[in-house]
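# A closer look at the structure
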Amino acid sequence: MKINIFLTAQLTAVFLLFFGLISYGQGQQGVSIDKIIARVDNHYILNSELEDMYAQYKAEGRTAPEKCQLLESLIINKMLLAKAEIDSVIVDDKEVDGELDAKMGYMIQRFGSEKNIVEAYGKSIDNLKSELRQQVKEQKVVEKMQRTISGNVKITPNEVRKFYNSIPKDSLPYIPSEVEIGHIVKLGTVTREQKDKLRQQLLDLKQRAEKGEDFATLAQIYSEDLGSAKNGGDLNFAKRGAMVPEFEGAALALKPGEMSDIVESQFGFHLIKLIETRGAEYHARHILLRPDYNKGTDMTEAIRSLDSLRKLISIDTLKFAKAALDNSEDKETAEAGGLIQDRNTGLARLTLDATMDPALYFAIDTMKVGDLSQPVSYRTEDGRSAMRIIWYKSKSEPHTANLHDDYEKLAQIVLSNKRNNALEEWFKKAQGDVFISIEPEYRNCKVLGLAQADDM
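Just so it is clear, the model here is predicted, and its values are computed rather than measured.

A tally of regular secondary structure across the protein gives 16 helices and 15 strands. Looking at the protein residue by residue over its 456 residues, the buried ones come to 46%. Of the contacts formed within the protein by residues at least 6 apart in sequence, a portion of 68% connects residues at least 24 apart. When the accessible area of the protein is evaluated, it comes to approximately 24000 Å², of which 48% is carbon and sulfur surface.

Structure representation (structure tokens):
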């Protein structure tokens, strides 16, 4: 049995399908494909999950693995979840929320703005996040189980050297030019004038509601959360922790029927009306007005701050990594000293080709290694306007893979292989601890080395 973990691909497929980037099973026949094809303890796998993963590969133009292989990956994930329950492995809600925010940021980048997502799917951002939270939580639990199983696996330089020497010289891969690039990001600020204007508009709407106008009707007309606006601003029941803290704090401070003061959050400005509470859940309506981050964003302070940092870095009074860690508002790269990482490898080396972010590619095209750019415009993954300075740290020339230049890549392969071996051994032992049942139509798959699957 060779183990392949596809949960990240599975979750990506859920996002892509959910947001309409790919579609499946929505032809003219409208045939439902949701039927249970496998069970691992109390976790079920639907045919639609398998087809969603398969469709994702096709949509991205990649060669899709055999469906038996995809099914095995789904069963492996469910085994990890089942064993996590048995072993009481849990993940922190804040960790789940952070990952969900990152995934939503990626989707916002794909669509251009939150507003475009809301308009396309008729649901508020908060409701979308609530619906997708479970998939993210499962992903984090599986990742934690994998770390528990193989987290102590270590490799030595000798193992990396041995692996490299085992590769026939005429089979060594050709490595294209790669670059190390860092940036320091400062967000623009919504102008005081625009904030005051939005607050006053919501105060006017609050007064109209207090005088007897229907809150739901006002939400339908004025709210820029188009997903909830069509339902009178109704956000349905939300569990505590599902909404951003500013919104939730204001909503829970109300009595049923009361309206809040104007609440500012990362999504804009809210006027909230609490409908009812039910145990750990609450039901509210809101009217949302969003700042225009293009027209109403002041970049003066961002540019001033970056100019100051640039001068200190240029005269070597301040190191770029330290400046990024302490000042950059792109927290993901700030913790890596400002270096931008490849999302696929996790390494701070980007392939200098068409796969690179075009804005970054054209920015460094006019720079030399070691250069630090002037402040330039930047759009964050969640659609906010910002400025950044770019550091062109290094560039490698195209070459055949070797131990000196590509040790990190080779070490990653060796570590991955060793961890897979540890997982493989774990799965051999864990199969007896969980109940696994697979539909007869997949009996020929020999999932997890089983010659024949049991009937459900």
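After that view of the structure, there is still more to cover.
What follows deals with the confidence of the model for the protein. When pLDDT is averaged across the protein, the result is 82; 86% of the residues are at 70 or more. Across the protein, helix 13 (residues 320-327) holds the top mean pLDDT of 96, while helix 1 (residues 7-18) sits lowest at 42. Segment residues 1-33 is flagged for pLDDT under 50; beyond a separation of four residues in sequence, or across chains, it makes 90 contacts in the model. Counting interchain partners and residues more than four positions distant, the pLDDT-below-50 stretch residues 451-456 has 19 contacts.

Among the secondary structure elements, H183 is positioned in strand 4 (residues 178-187). Residue H183 is classed as buried on the basis of its relative accessible area of 2%. Within the local environment of H183, its side chain forms a polar contact with the side chain of D330, the two groups lying 2.9 Å apart. Ignoring any residue separated from it by four or fewer positions in sequence, one finds H183 in contact with F320, A324, S328, D330, T333, G338, I340, Y378, R388, I389 and I390.

With that out of the way, let us pick up the environment of Y442. For Y442, the position within the fold is in the segment after strand 15 (436-438). Since its relative accessible area comes to 12%, Y442 is described here as buried. Sequence separation of Y442 and A38 is 404 residues, and the distance between their C-alpha atoms is 9.1 Å. In this structure, Y442 is in contact with I37, N47, L50 and L71, ignoring residues within four places of it in sequence.

Pairing is antiparallel across the open sheet formed by 4 strands, whose spatial order is 6-9-8-7. Strands with a single pairing partner mark the edges of an open sheet, and in this sheet they are strand 6 (234-239) and strand 7 (263-265). Within this sheet the neighbouring strands show an average axis-to-axis angle of 45°, counted without direction. Pairing of strand 7 with strand 8 (residues 268-278), which is carried by 3 bridges, proceeds in the antiparallel orientation. Residue pairing in the sheet places V263 in a bridge with H270 of strand 8.

Right, let's get into the pattern of salt bridges. Taken as a whole and assessed by the stated rule, the structure comprises 22 salt bridges. Taking the shortest distance from any N to any O, the salt bridge between K140 and E143 comes out at 3.2 Å. Here K140 and its partner E143 are both found in helix 6 (residues 125-150), 3 residues apart, which amounts to about one turn of the helix. What makes K140 buried here is its relative accessible area of 9%. With a shortest N-O distance of 3.3 Å, R349 and E178 are connected by a salt bridge. One end of the pair, R349, is in the loop between helix 14 (331-334) and strand 11 (350-351); the other, E178, is in strand 4, with 171 residues separating them in the sequence. On the basis of relative accessibility, which here comes to 19%, the residue R349 falls in the buried class. Among the charged side chains, a salt-bridge network with shared partners connects E178, E180, R349 and K409.

The contact between helix 3 (residues 67-86) and helix 6 brings their axes to 9 Å, and the two run at 80°. In terms of axis orientation, helix 3 runs roughly perpendicular to helix 6. Judged by residue contacts, N77, K78, L80, L81, K83 and A84 of helix 3 engage E138, V141, V142, M145, Q146 and I149 from helix 6. Considered class by class, the residues forming the contact of helix 3 with helix 6 number 7 nonpolar, 2 polar and 3 charged.

Let us look at the sheet that holds strand 15. Taken in spatial order, the 3 strands of this open sheet run 2-1-15, and their pairing is antiparallel. What marks the edges here is a single partner per strand, and that holds for strand 2 (43-46) and strand 15. Neighbour to neighbour, the strand axes of the sheet diverge by 15° on average, direction disregarded. Two elements, strand 1 (residues 36-40) and strand 2, share 4 bridges in a ladder whose sense is antiparallel. Of the residues in strand 2, the one forming a bridge with R39 is Y44. Seen against the sheet, helix 3 touches strand 1, strand 2 and strand 15 and runs at an angle of roughly 165° to strand 2.

Excluding glycine, a negative phi dihedral is what most residues carry, and trans is how most peptide bonds are arranged. Although it is not a glycine, S88 sits at a positive phi angle of roughly 60°. Among the secondary structure elements, S88 is positioned in the loop between helix 3 and helix 4 (93-111). S88 gets classed as exposed once you look at its relative accessible area, which sits at 60%. Look at D316: it is not a glycine, yet its phi comes out positive at around 65°. With respect to the helices and strands, D316 occurs in the loop between helix 12 (300-314) and helix 13.

What counts and what doesn't
- Residues numbered from 1 in each chain as written.
- Predicted model: local features only at pLDDT ≥ 70, side-chain atom pairs only at ≥ 80, totals over all residues.
- Heavy atoms only, no water.
- Helix = DSSP H or I, 4+ residues; strand = E, 2+ residues; numbered from the N terminus.
- Buried < 20%, exposed > 50% of the residue type's maximum accessible area, 1.4 Å probe, protein only.
- Contact = heavy atoms within 4.5 Å.
- Areas by Shrake-Rupley, 256 points an atom, 1.4 Å probe, with all protein chains shown as cover.
- pLDDT = per-residue confidence, 0-100.
- Polar contact = N/O pair within 3.5 Å; in protein donor to acceptor, adjacent residues only side chain to side chain.
- Pairing = 2+ DSSP bridges.
- Axes fitted to C-alpha atoms, helices over the stretch in contact; angles between N-to-C directions.
- Salt bridge = Lys/Arg side-chain N within 4 Å of Asp/Glu carboxyl O.
- Parallel < 35°, antiparallel > 145°, perpendicular 65-115°, else oblique.
- Nonpolar A, V, L, I, M, F, W, Y, C, P; charged D, E, K, R; others polar.

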